[in-house]
Amino acid sequence: MLTVFLVFYSLTYVSSFYAEHNNNNSAGRSLFNVRNLHHIRAEETGSSTEDIKSFRASDPTLLVQPEFEAGDEPSRIIFIGDIHGCIDQFNNLLDELQFQQGKDQIVLVGDLVAKGPESLAVVQKASSIGAWCVRGNHDDRVIRWREFLDGPGKGLSTEEISALEDSGDLPYPDFKVNKEHYTIAGQLTVDEFAFLKSFPAIMAPPPPYTEWIVVHAGLESNKPISNQTTDTCMTIRNVTPTGPSSSTDVGVGWFDIWAAKMAVVEGLPPNPLTSSPTSTEENFNNINFNKIIYGHDASRGLQIHNYTKGLDSRCVYGGNLTAFILPGEELVSVGCIDYDGAAPKDGD
């Protein structure tokens, strides 16, 4: 059945390339009181409860293709899996790699923050060594929190934000005050936040590494780059007949679809992944890649295949922190501590 499914999706995808509230009364504060409180606060902040609930943070840039500094190609470009606040392991891995700033370029596949003990230190370290990064779903949640706290949530206390959560009036269902994303968002300096927010959804390394592309979770194989959604880039694990899914319990891995597609398009004219660009944005489609480096999928662990390299080797769960090195396609790992205390699960 898997073979039939993959062939169906491969042919379908190649063809497509070518052709009001919960009335919650907890925390001793009613929805009426939350609304009244925030209408009073609106005089100070300019935001009503309706402003808060309708708030939407800015999306990440879809794709960035950075250049090597001063046109100098580094000796190595080193891709590192999900760090999740594990600064000691990040430093250990850099030591194991004998990393030399200015001679090596570090690329992080996202999820620098959350779950582990020292998210801010990881952000600071990544910035200080000039790492290139793509945005992970946990990075994104911190960024959305910070934009909210700098926007309609500015001046609200934790108690007031908790009441808004209880009443269903926060803008995103994954906004939980008792989760570390809220705390990290409030602790980031202006420069640290700017660095984190700068991460694109997709990164295309410069020559001579243009056959590779970097994304946190994966891509939809039936869409050119310009039609990818940033949310899917940060959350996809599987593909079902109805579309992408963050679950591994339904459909098949997006990377299996990608491999099947590559098997079909091999031998076709160069750059079969593109459509004719009609705008500057669609020039993204001219990037001639066929191999994808990603993270995110801790439940499956390290996944090394011909066309895809999945580097989330469960560091924060007591697994390893893994680097993939070009040229040479070498893997280097260091052991980690179980900081999370739970098995990796879908949707996280």
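All values derive from a computational prediction rather than experimental measurement.

What counts and how
- Per-chain numbering applies: the sequence of each chain, read as written, is numbered from 1 onward.
- At least 70 in pLDDT is required for a residue's local features to be given in this predicted model, at least 80 for side-chain atom pairs to be given and counted, and no such filter applies to totals for whole chains, interfaces and linings, which use all residues.
- To obtain the side-chain values, all non-hydrogen atoms of the structure were used and water was disregarded.
- Here is the rule: rings of Phe, Tyr and Trp (six-membered ring for Trp) pair when centre to centre is within 6.5 Å. Planes less than 30 degrees apart are stacked, more than 60 are edge-to-face, and the remainder are tilted.
- The classification of residues rests on relative accessible area computed with a 1.4 Å probe and restricted to protein chains. Under 20% of the type maximum is buried, over 50% is exposed, and intermediate values are partly exposed.
- We count a stretch as a helix when DSSP gives it H or I for four or more residues in a row; a strand needs E for two or more, and each element gets its number in order from the N terminus.
- Within this analysis, the arc is defined by the directions that extend from the helix axis to the C-beta atoms.
- Any two residues whose heavy atoms approach within 4.5 Å at even a single point are treated as in contact.
- In this analysis, strands are considered paired if DSSP registers two or more bridges between them.
- Every crossover in which the path from the first strand over the helix to the second runs clockwise, viewed with the strands pointing away from the viewer, is termed right-handed.

*Asks:* Which parts of the structure should I look at to understand the packing of aromatic side chains?
*Replies:* By convention here, two paired aromatic rings are described through the distance between centres and the angle between planes. Counting across every chain of the model gives 15 aromatic pairs. Ring centres of Y172 and F175 lie 5.1 Å apart, and the angle between their planes is 50°; on these two criteria the pair is classed as tilted. Taken as a pair, Y172 and F175 share a single burial class, namely buried. Residues F255 and Y294 carry aromatic rings whose centres are separated by 6.3 Å and whose planes lie at 15° to one another, so their mutual orientation is stacked. Pair noted here: F255 is in helix α11 (residues 254-265) and Y294 is in strand β10 (residues 291-294), with a separation of 39 residues, a long-range link.

*Asks:* I tried to follow helix α9 (residues 190-197) on my own but got confused; where do I start?
*Replies:* In an α-helix there are 3.6 residues to a turn, and that puts residues three or four apart on one side. Buried residues of α9: E192, F193, F195 and L196, and no others. The buried residues of α9 occupy an angular sector of 160° when projected down its axis, which confines them to one face. Opposite the buried face of α9, at more than 90 degrees from it, the exposed residues are V190 and D191. The secondary structure elements touched by the buried residues of α9 are α5 (119-128), β4 (132-133), α6 (137-150) and α8 (180-187).

*Asks:* Help me understand the pairing of strand β3 (residues 104-108), please; the structure alone is not making it clear to me.
*Replies:* Two faces belong to every sheet, and in a regular strand the side chains alternate between them. Most of β3 sits inside the fold, with five of its five residues counted as buried. Side chains D104, I106 and L108 of β3 all project onto a buried face; the interleaved residues Q105 and V107 project onto the opposite face, where all are buried too. As judged from the five bridges shared by strand β2 (residues 76-80) and β3, these two strands associate in the parallel manner. Counterpart to I80 in the pairing with β3 is L108. Handedness of the crossover is the feature at issue here: the chain leaves β2, passes through helix α4 (residues 87-97), returns alongside β3, and the resulting connection is right-handed. Here two bridges tie β3 to β4, and the two strands are oriented parallel to one another. Of the residues in β4, the one forming a bridge with L108 is C133. Read as a crossover between parallel neighbours, the route from β3 over α5 to β4 is right-handed.

Purely geometric stuff here, so don't read any function into it on its own.
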